[in-house]
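# Coordinates in review
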Amino acid sequence: MEIIPAIDLREGRCVRLVQGRYEQETVYSDDPVMVAKHWEAEGATRLHVVDLDGALSGVPQHLEVVRAIVESVNIPVQFGGGIRTESTIETLLAMGVDRVILGTSAVSDNVFLRNALNKYAERIIISIDANDGRVATRGWTEVTEILAIAFAQEMERLGAQRLIFTDISRDGMLSGPNLKHLREVAEAVYIPVIASGGISRLSHIRAVKALEDTGIEGIIIGTALYTGTVKLKDCIAVATQQQVEESTSPEELRRVETLALLRLAEELHEAAGFCHDHHRWRAAADLAGGSIVTAARGLIVWSGERPPTTSTEMMNRLSDLYLKTGDIPPEIGMKLDDAMRIRLLASSDPHVIFGADEGSIVMDAARELIEELRKRTAA
Ligand code: AMZ
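Residues numbered from 1 in each chain as written. Predicted model: local features only at pLDDT ≥ 70, side-chain atom pairs only at ≥ 80, totals over all residues.

### A word on the overall build of the chain
The condition is simple: Helix and strand definitions follow DSSP, with helices as H or I runs of at least four residues and strands as E runs of at least two, each counted in order from the N terminus. We call a residue exposed when 12 or fewer other C-beta atoms sit within 10 Å of its C-beta, buried when the count reaches 20 or more, and partly exposed for counts in between; the C-beta positions come from the backbone. Any two residues are considered in contact once their C-beta atoms, placed from the backbone, lie within 7 Å.
Scanning the chain for helices and strands turns up 17 helices and 12 strands. Counting all 379 residues of the chain, 46% fall into the buried class. In the chain, 67% of the contacts between residues at least 6 apart in sequence involve partners at least 24 apart.

Right under this line is the structure:
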């Protein structure tokens, strides 16, 4: 299984977004070419380059950067973001881009899509960017009614030879891949699928690798490589089935996952519409430092029915936040409570709450809740 580092371009710089949101940007380098060379030197066998400005505007904005990247590395580069015309494809292929990625135009321009698949065949990858199982377009700012799985099958029928499947809710979140959706998509088609979104630790790679038989041939990794929660060479080793231990300390992993959880908690607040005090969350996140325990419990101690078992100031602050949420309908409360309490509070050692993949189980529970809350708020 191939590990493919992502280089997302925005205003000429190398950035990462959180769940594709343009306002939640972190700049990792002003020099994308250097970044590309770095990943090559670290062992990458392919690069995934996205022009985020292009995806949003519908026309690639950073072709010169792409050209410079292609010219400065000796590994194949796949590129997407704003490709809507045949002449853009021609330009990119002439530059030496190995494969071009079509997202929005695969949804919105059937004539172009058919021509492109016919003419460029394996040089085209179709990107399926899924938001809650539905295909998103235009820099992920629009979500269509199209079901990701049906779309994958339609693309295969039209002659697509390769898909990228991105779970938007996981992208940039470090919360683990959406294995269920990934498997569903990979099993629904015969063509290979590249997985993208949410990878933050080696166990996530092992979990995706376990699905290799379903046709998953690669994993795109972005944020985790830039934050350093995994090392590229370790990812590659795991993907090629060598024994490697997590090189990131458990403390650092917890810290990173704490932040991801807190982000989810913020969403929870927004969805429920009862607390907009993000500054407190940020402060809590800072305070939480290395301790995912407190943050995770912050997430679950929200009903006030179950006081925290340790009584540090931090716990009080977090539980205080959640005590405010008594106006959440009780049946939803139970859902969150059950999903999280069992997994989190069941641990006798407060510092060993997250096993290898439990983080994403908790995330799933939180996410389900967010969806429900959103539906209610909308109703
Ligand atoms: O992060 C985002 N908001 C984002 C993103 N990473 N929006 C689009 N894209 C990527 C898709 C795909 O690789 O994952 O851009 C490409 C698709 O672009 P387009 O312009 O064809 O929809």
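### A few points about the pairing of strand E9 (residues 142–147)
Quick reminder of the rule: The rule for pairing is simple: two strands pair if DSSP sees at least two bridges between them.
In the sheet, strand E8 (residues 134–137) pairs with E9 via three bridges, with the strands oriented antiparallel. Looking across to E9, one finds that Arg134 is bridged to Leu147. Between E8 and E9, which pair antiparallel in sequence order, lie four residues; one of them, Arg138, sits at a positive phi of approximately 50°.

### Some details on the environment of Gln61
Looking at where Gln61 falls in the secondary structure, it is placed in the loop between helix H2 (52–57) and helix H3 (63–72). Each C-alpha atom, one on Gln61 and one on Arg10, is 8.7 Å from the other, the two residues being 51 residues apart in sequence. Residue contacts for Gln61: discarding those within four places in its chain leaves Asp51, Asp53, Gly54 and Gly82.

### Notes on the confidence of the model for the chain
As a reminder, the rule being used: Residue-level confidence of the predictor, termed pLDDT, takes values from 0 up to 100.
Confidence along the chain averages 75 in pLDDT terms, with 64% of residues attaining 70 or more. This model gives residues 271–363 a pLDDT under 50, and the stretch forms 126 contacts once residues within four places in sequence are excluded.

### A look at the site of the ligand
Formally: The criterion for a residue being near a molecule or strand is simple: its C-beta atom, placed using the backbone, must lie within 6 Å of it.
Taken together, 21 residues are adjacent to the ligand, and Gly20, Ala55, Gly80, Gly103 and Thr104 come closest. Only H2, strand E6 (99–102), helix H5 (104–108) and strand E7 (124–131) provide two or more residues apiece to the shell around the ligand. No other element matches the three residues that H2 contributes to the shell around the ligand.

### What to know about unusual backbone geometry
In this model, Ala121 sits at a positive phi of 40°, which is unusual for a non-glycine residue. You can see Ala121 is positioned in the loop between helix H6 (110–120) and E7. Since 11 C-beta atoms lie within 10 Å of it, Ala121 is described here as exposed.

### What about the environment of Ala68?
Considering the arrangement of structural elements, one finds Ala68 in helix H3. Given 16 C-beta atoms within a 10 Å radius, Ala68 is considered partly exposed. Separated by 36 residues in the primary sequence, Ala68 and Pro32 have C-alpha atoms spaced 9.0 Å apart.

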